[in-house]
Amino acid sequence: MDRAQKAEQVAELKQTFNETAVVVITRNLGLSVSQSTDLRNRMRDAGARFKVAKNTLALIAVEGTTYAPISDMLTGPTALATSPDPVAAAKVAVDFAKTTDRFEIVGGAMGDTVLDVNGVKALAELPSLDELRATIVGLIQAPASKIARTINEPAAQLARVFGAYAAKENA
């Protein structure tokens, strides 16, 4: 890798650090190609990215960003999982770590808040952004449906009373 490629990779990593909501640092302890491909596909499906980067380049890229405190975690065979959704990368990384012992979570950060392994696991348990949006839409729609039901209920009660009288007269 020549100097221009390194500069390009540092610029790409810096842009990633500036645009992402969460960074999860993982350690690869000998994943097979199929496992690595599976992990990347899961990340992509969740709207996250998984990138193996040289620690020296990542350290240069993290300088001057809100993720500067994660520098201490960038040792050994690490990879970065990032996503604009604060929960997506953590959720996929934690789920994948449960399936294999060759992949471990080192820690991470959400903005300038540094997360340890337990912090990343706690973040993974939170509902995703899409789940929260669906919950909010459901909460907004619930009162409208209750109002419609309440308005229609007196008319339905009258119809049942008239139906009962009609049945009583026919009998």
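Attention in this report is confined to the structure presented alongside it. For clarity, every value in this text was computed on a predicted model and none was experimentally measured.

### Brief notes about the sheet that holds strand 4 (residues 103-110)
(1) Moving on: Spatial strand order, 2-3-1-4-5: 5 strands in an open sheet with antiparallel pairing. Of all strands in the sheet, those bounded by a partner on one side alone are strand 2 (49-51) and strand 5 (113-115). Each neighbouring strand pair of the sheet contributes to a mean axis angle of 20°, computed without reference to strand direction.
(2) Moving on: Sheet topology places strand 2 next to strand 3 (residues 78-83); 3 bridges connect them, and they run antiparallel. Along strand 3, the bridge assignment pairs Arg49 with Thr82.
(3) Moving on: Across the sheet, helix 1 (residues 3-19) touches strand 1 (22-28), strand 2 and strand 3, and the angle it forms with strand 2 is around 145°.
(4) Moving on: Sitting on the sheet, helix 2 (residues 33-46) is in contact with strand 2, strand 3 and strand 4, with an inclination near 145° to strand 2.

### Remarks on the pattern of salt bridges
(1) Moving on: Counted under the stated rule, the structure contains 4 salt bridges.
(2) Moving on: With its nearest N and O atoms 3.9 Å apart, the salt bridge here joins Lys51 to Glu12. Highlighted residues: Lys51 in strand 2 and Glu12 in helix 1, separated in sequence by 39 residues.
(3) Moving on: Of the residues examined, Glu12 reaches a relative accessible area of 31% and is grouped as partly exposed.
(4) Moving on: When the shortest N-O distance is used, the salt bridge between Arg27 and Glu104 registers 3.4 Å. Within this pair, whereas Arg27 is found in strand 1, its partner Glu104 is found in strand 4, the two being separated by 77 residues in sequence.

### Overview of the packing of aromatic side chains
(1) Moving on: Applying the stated criterion to the full structure yields 3 aromatic pairs.
(2) Moving on: Between the aromatic rings of Phe17 and Tyr67, the centroid separation amounts to 6.0 Å while the plane-to-plane angle is 40°, which identifies the pairing as tilted. Of this pair, Phe17 sits in helix 1 while Tyr67 sits in the loop between helix 3 (55-62) and strand 3, and the two are 50 residues apart along the sequence.
(3) Moving on: A ring pair is formed by Phe50 and Phe103, whose centres lie 6.2 Å apart and whose planes are at 55°; its orientation type is tilted. Residue Phe50 is found in strand 2, and its partner Phe103 is found in strand 4; the two are separated by 53 residues along the sequence.
(4) Moving on: For Phe50, a relative accessible area of 11% gives the class buried.

### Some thoughts on the environment of Gly76
(1) Moving on: Mapping Gly76 onto the fold places it in the loop between helix 3 and strand 3.
(2) Moving on: Expressed as a C-alpha distance, the spacing of Gly76 and Arg27, which sit 49 residues apart in the sequence, is 7.5 Å.

### A closer look at a nonpolar patch on the surface
(1) Moving on: On the surface, a cluster of nonpolar side chains totalling about 430 Å² of accessible area is made up of Leu158, Val161, Phe162 and Tyr165.
(2) Moving on: Looking at the secondary structure, you find Phe162 in helix 6 (residues 129-170).

### What to know about the pairing of strand 4
(1) Moving on: Burial within strand 4 is extensive, with 6 of its 8 residues counted as buried.
(2) Moving on: Pairing of strand 4 with strand 5, which is carried by 3 bridges, proceeds in the antiparallel orientation. Considered in strand 5, the bridge of Ala109 is made with Val114.
(3) Moving on: Between strand 4 and strand 5, which pair antiparallel and follow one another directly, the connecting turn spans 2 residues, one of which, Gly111, has a positive phi of 70°.

### So, the nonpolar core
(1) Moving on: Core analysis: the largest hydrophobic core is formed by 22 residues, its most contacted members being Val24, Leu39, Met43, Phe50, Phe103 and Val120.
(2) Moving on: Looking at this core, the elements with two or more residues in it are strand 1, helix 2, strand 3, helix 4 (88-99), strand 4 and helix 5 (117-125).
(3) Moving on: In terms of residue count, the dominant contributor to this core is helix 4 (6 residues).
(4) Moving on: In contact with Val120, not counting residues within four places along its chain, are Val24, Ala90, Val94, Ile105, Gly107, Gly108 and Leu115.
(5) Moving on: In terms of nonpolar packing, the next biggest core, distinct from the first, is built from 17 residues, Leu57, Ile70, Met73 and Ala109 among them.

The rules behind each value
- Residues numbered from 1 in each chain as written.
- Predicted model: local features only at pLDDT ≥ 70, side-chain atom pairs only at ≥ 80, totals over all residues.
- Heavy atoms only, no water.
- Pairing = 2+ DSSP bridges.
- Helix = DSSP H or I, 4+ residues; strand = E, 2+ residues; numbered from the N terminus.
- Axes fitted to C-alpha atoms, helices over the stretch in contact; angles between N-to-C directions.
- Contact = heavy atoms within 4.5 Å.
- Salt bridge = Lys/Arg side-chain N within 4 Å of Asp/Glu carboxyl O.
- Buried < 20%, exposed > 50% of the residue type's maximum accessible area, 1.4 Å probe, protein only.
- Phe/Tyr/Trp six-rings, centres within 6.5 Å; stacked < 30°, edge-to-face > 60°.
- Patch = residues over 30% accessible without salt bridge, like charges linked within 9 Å, V, L, I, M, F, W, Y side chains within 5 Å.
- Areas by Shrake-Rupley, 256 points an atom, 1.4 Å probe, with all protein chains shown as cover.
- Core = buried A, V, L, I, M, F, W, Y, C linked by side-chain atoms within 4.5 Å.

Purely geometric stuff here, so don't read any function into it on its own.
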